[in-house]
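Single-letter residue listing:
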Amino acid sequence: MNSWFAIEGSPTPLGVTWIPAETCFNFSIYARNASGIILLLFREGNYAEPVAELVFDVIKNRSGRIWHMRVALEDVQDARYYAYRALGEFNPSQGHRYDSQKLLLDPYARGVFFPPGYSRGACTQPGSTMGKAPLGVLPPNNSESYDWTGDVKPPRHQHDFIIYEMHVRGFTRDPSSGVAINERGTYSGIIKKIPYLQELGITAVELLPVHQFDPQEGNYWGYMTLNFFSPHHAYSQFPQRCKQMDEFRDMVKALHQAGIEVILDVVYNHTSETNELGPTYSFRGLDNLTYYLLADNREYYMNDSGTGNVFHTSNRYVRHLIVESLRFWVKEMHVDGFRFDLASIFTRDSNGGVNLIDPPIIAAITSDPDFQDIRLIAEAWDINSYQLGSKFPGISWLQWNGEYRDTVRRFVKGDEQQLPGLMSRIYGSADLFPDNLPDVYHPYQSINFITAHDGFCLYDLVSYHHKRNLANGNNNTDGTDSNFSWNHGWEGDENLPADILQLRKQQIKNLFAILMLSNGTPMFVMGDEFLNTQQGNNNPYNQDNDVSWLNWHQLQQFPDMFRFFKLMINFRKQHPAIGRSRFWRDQVKWYGTLGEVDLASYSRTLAFCILGAAELDDDIYVMINAYWQVLEFRIQEPGDWHLVIDTSLNGPEDIFEASESLLLASDIYWVSARSVAVFIKKRE
C-alpha cells in the first residue's frame, strides 16, 4: 500500500506534507467539480515564472473528490512557494466559477506569501494572476520544530476569569507604547507589555483575528480571512514564515508563563473573497459550490454575514477544514480558546435554513477530544438570526451577552424601565441561560461586556451622543445608531469643562464596577482602563491609524482611572462569592434604598447583598444610584459593614484595599447622584 502512495500520492492529510522517509512532498487538495488540477512551484524572487508546472493525472492522482501527488525534493528544486490552477466550467448560473488563469492558494497552506506584485484588483478582474496572487509557503524539509520547553498551560481560571479584548497591532503600534520601533504592533510587542497586563490583573487576552487576512481589503480589524492556518504576516517583525510562526508561539508561551490565557477571535463564517464581484484567491476557484452557500440563482451568494458570502459549514469538507484549523491552533500554537465571529452562521444548513437541533459543525467542535479543555465562545447572532442564550445549539459554549451590554448602558445612562432587566443581568442572565431541566446552563456562560471592538469604547460611550464615522468613507452610514450613549451635556472633547470630565469618569467607574460585581464572565476592551478614545468612531474597522491605536499617554494622564480598574479587578478576584459556577439563588438578597426593591418604571436605584459564607468569603453589599440626586440608602443586613468603594469620590478614596476599608458608624449611607457604593462585612 505504501508503494501505491509513493507513486500516486496520498489523499490525506490535506495540504502539503514533508515525508522524510521518501525525501518528498505530498500535495493533497479538495476540488470536487474541477476537471483538472495543476501544481505550480516558484523560486524566491521569481513569481511570474514557475520553476515547475505539474499536472495531476485524472485517474492516477485523484481519489474521490481529492487530488493528490508526490513530488520528490529534486523535482521541487529550490522552490519555496506553490499555488494551484484549477480547470473546469465557468458557469455562474450553475455555481461554477473555474478560471484556469487564476493562481489559487491552498486552503491548508501553513504560510502565505504575498509577492511584490500582489494585487487584489488583479485577482478580481479577468486575466492571469501570475505574480499577482498570494502563494502558499512550502513546509521546511527538515525536522526543526519549535521548542515548547517551559510552556505551562495557565490555570483554568474560574471566578477570576477576566477577558481583555485587544488588537495585536493597535495595542503597541503607537510610539507612545514605548516599544522598540521594530516590535511595535507585533506579537513581540505584546510580550513587552506583559508586566502591564499582570499589573492590571486580567487573566485572558482575546485577540482580534490573527488568521492571515487580505492586506489590501482594508479591514484593519482582520475580519476578512484569507487563510485559516497561518498567523497574519504583518503582526510579525520578521519576513520569514517560520520566524512569524515562532514569534506568535513566543507570545503564547510568554503569556502562559504569566498565567494569562490566549483566546483567538476566529472568522469561519465568511472569507475575503466576498461576493460575485470579489477576488478569486482560493475557495471560489477550487470549488465554489462546496465552500459557499449560494442563492437560488447560483450566480449570487447568500450574505447573512453582511460581508458578501457565507461559508458552507454544513458541508463535511468545509467542516473538516474548520476543525483541522482549530486543531492546528490548539496543538501547534497552544492557544486556549476561540471566540467565533457570527457563530449563528454555524446553524445554516445546505439550503441556507436555520438548524437549531443539531448543526453538524457545532457538534463536531464540541465533541472533539482535542477541544475538551478549550474555551468555546459564540457571538450568537448574524444579520438574519439572533440566537442568544438557550436558543444557540452549542449548549456548553460561552456566549457574548449583548443584552447585558444594552441593559447596563441604559440603566447607568438613566433610562426608565431598566431595573428588572438590570437585576437579571447582574444575577447572571438566568432568563437567557436557564438552569432548569432539560438544559442546565451556568452563569459563567454569559460573557458580560459593556464595550467591545465593535461599537463605542467606554470613554466615547459617555462622551458622544452621535457616532462620528465619516473617516470610514461611508458617509457616516456604517456603525450602529443604537449606542445607548450619553455625552453628559457636552459632545466630544473640544474645550471640555472640568466638571463634565469628572462626571464622565464617575460614570465609567459605575459601569466598570457593575461589570465586576455581576455573576458571569466579564470582558472589557484594551484602553478602557485609561480612557482611550476613538474620537467618536463606533466602527473603526478600516482605521489603521491613531483612531484605533492605543494612546499610552492617556495612562499617564489618567492614572487614577487605571488604579480604579486595577483594584476593581482585584476586588472581584478576591471575592469568589461574585462569579460562581451556579446562580446565586438564596445567596443574594435584593433591596431598594430603604427597604424592598422599587420596581416602578421610573426607579433608578438598586441595592443587593451577596452572601459569601458558602464560598468562604465576605458578604458584599452594593448600592447603585442612577438618579441625578443624592439619595439615602439603609443597609438592610445586620453587622459591621466597611466601605470599600464609592465611585463619586476622587482617587484614591474611590476604592480601598480590604485592609484600608472604612467601618461605617451607622446603617445609613448617602449615595451621591449617579454613583455606586460597595461595602463588605468581613467573614469571622
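A few points on the structure.

### What to know about unusual backbone geometry
Note the cis peptide between threonine 12 and proline 13, where omega equals -10°. Within the secondary structure, proline 13 is located in the loop between α1 (2-8) and β1 (15-19). For the bond running from leucine 437 to proline 438, omega is 5°, close enough to zero to count as cis. By the secondary structure assignment, proline 438 is in the loop between α12 (419-427) and β20 (446-449). Not every positive phi belongs to a glycine, and asparagine 495 is a case in point at roughly 55°. Assignment of secondary structure puts asparagine 495 in the loop between α13 (458-461) and α14 (498-516). With relative accessibility at 63%, the residue asparagine 495 sits in the exposed group. Located in the positive-phi region is arginine 585, a residue other than glycine, with phi close to 50°. Looking at arginine 585, the relative accessible area reads 47%, which means it is partly exposed.

### So, the side chain of aspartate 151
Position of aspartate 151 relative to the elements: it lies in the loop between β11 (135-137) and β12 (163-166). For aspartate 151, which is buried and forms no salt bridge, the nearest opposite charge comes from lysine 253, at a distance of 7.0 Å.

### Side note on the pattern of salt bridges
This structure, assessed with the given rule, holds 37 salt bridges. As a salt-bridge pair, lysine 331 and aspartate 370 come within 3.8 Å of each other at their nearest N and O atoms. Taken together, the residues lysine 331 in helix α9 (residues 316-331) and aspartate 370 in the loop between α10 (360-367) and β16 (375-378) connect sequence positions 39 residues apart. Overlapping salt bridges bring together Glu324, Arg327, Lys331, Asp368 and Asp370 as one network.

### Side note on the sheet that holds strand β15 (residues 337-340)
The strand order around the closed barrel built from eight strands is β12-β13-β14-β15-β16-β19-β20-β21, with neighbouring strands paired in parallel fashion. Taking the axes of each pair of neighbouring strands and ignoring which way they run, one obtains an average angle of 25° across the sheet. In the packing of α14 onto the sheet, the strands contacted are β20 and β21 (521-525), and the crossing angle to β21 comes to about 150°.

### Considering the packing of aromatic side chains
Inspection of the entire model under this criterion finds 55 aromatic pairs. Where tyrosine 81 meets phenylalanine 113, the ring centres are 4.3 Å apart and the plane angle is 15°; that geometry is what we call stacked. Of this pair, tyrosine 81 sits in strand β7 (residues 81-87) while phenylalanine 113 is found in strand β10 (residues 112-113), placing the two residues 32 residues apart along the sequence. No difference in accessibility class separates tyrosine 81 from phenylalanine 113, as the two residues are buried.

### Overview of the sheet that holds β11
Remark on secondary structure: sheet strands pair via backbone hydrogen bonds, oriented parallel or antiparallel. Strand order in the open sheet formed by five strands is β4-β3-β7-β11-β10, with antiparallel pairing between adjacent strands. The open sheet terminates on both sides in strands that have one partner only, identified here as β4 (52-55) and β10. With four bridges connecting them, strand β3 (residues 36-42) and β4 associate as antiparallel partners. Considered in β4, the bridge of leucine 40 is made with glutamate 53.

Conventions we followed
Residues numbered from 1 in each chain as written. Predicted model: local features only at pLDDT ≥ 70, side-chain atom pairs only at ≥ 80, totals over all residues. Heavy atoms only, no water. Helix = DSSP H or I, 4+ residues; strand = E, 2+ residues; numbered from the N terminus. Buried < 20%, exposed > 50% of the residue type's maximum accessible area, 1.4 Å probe, protein only. Lys, Arg positive; Asp, Glu negative; His and termini not counted. Salt bridge = Lys/Arg side-chain N within 4 Å of Asp/Glu carboxyl O. Pairing = 2+ DSSP bridges. Axes fitted to C-alpha atoms, helices over the stretch in contact; angles between N-to-C directions. Contact = heavy atoms within 4.5 Å. Phe/Tyr/Trp six-rings, centres within 6.5 Å; stacked < 30°, edge-to-face > 60°.

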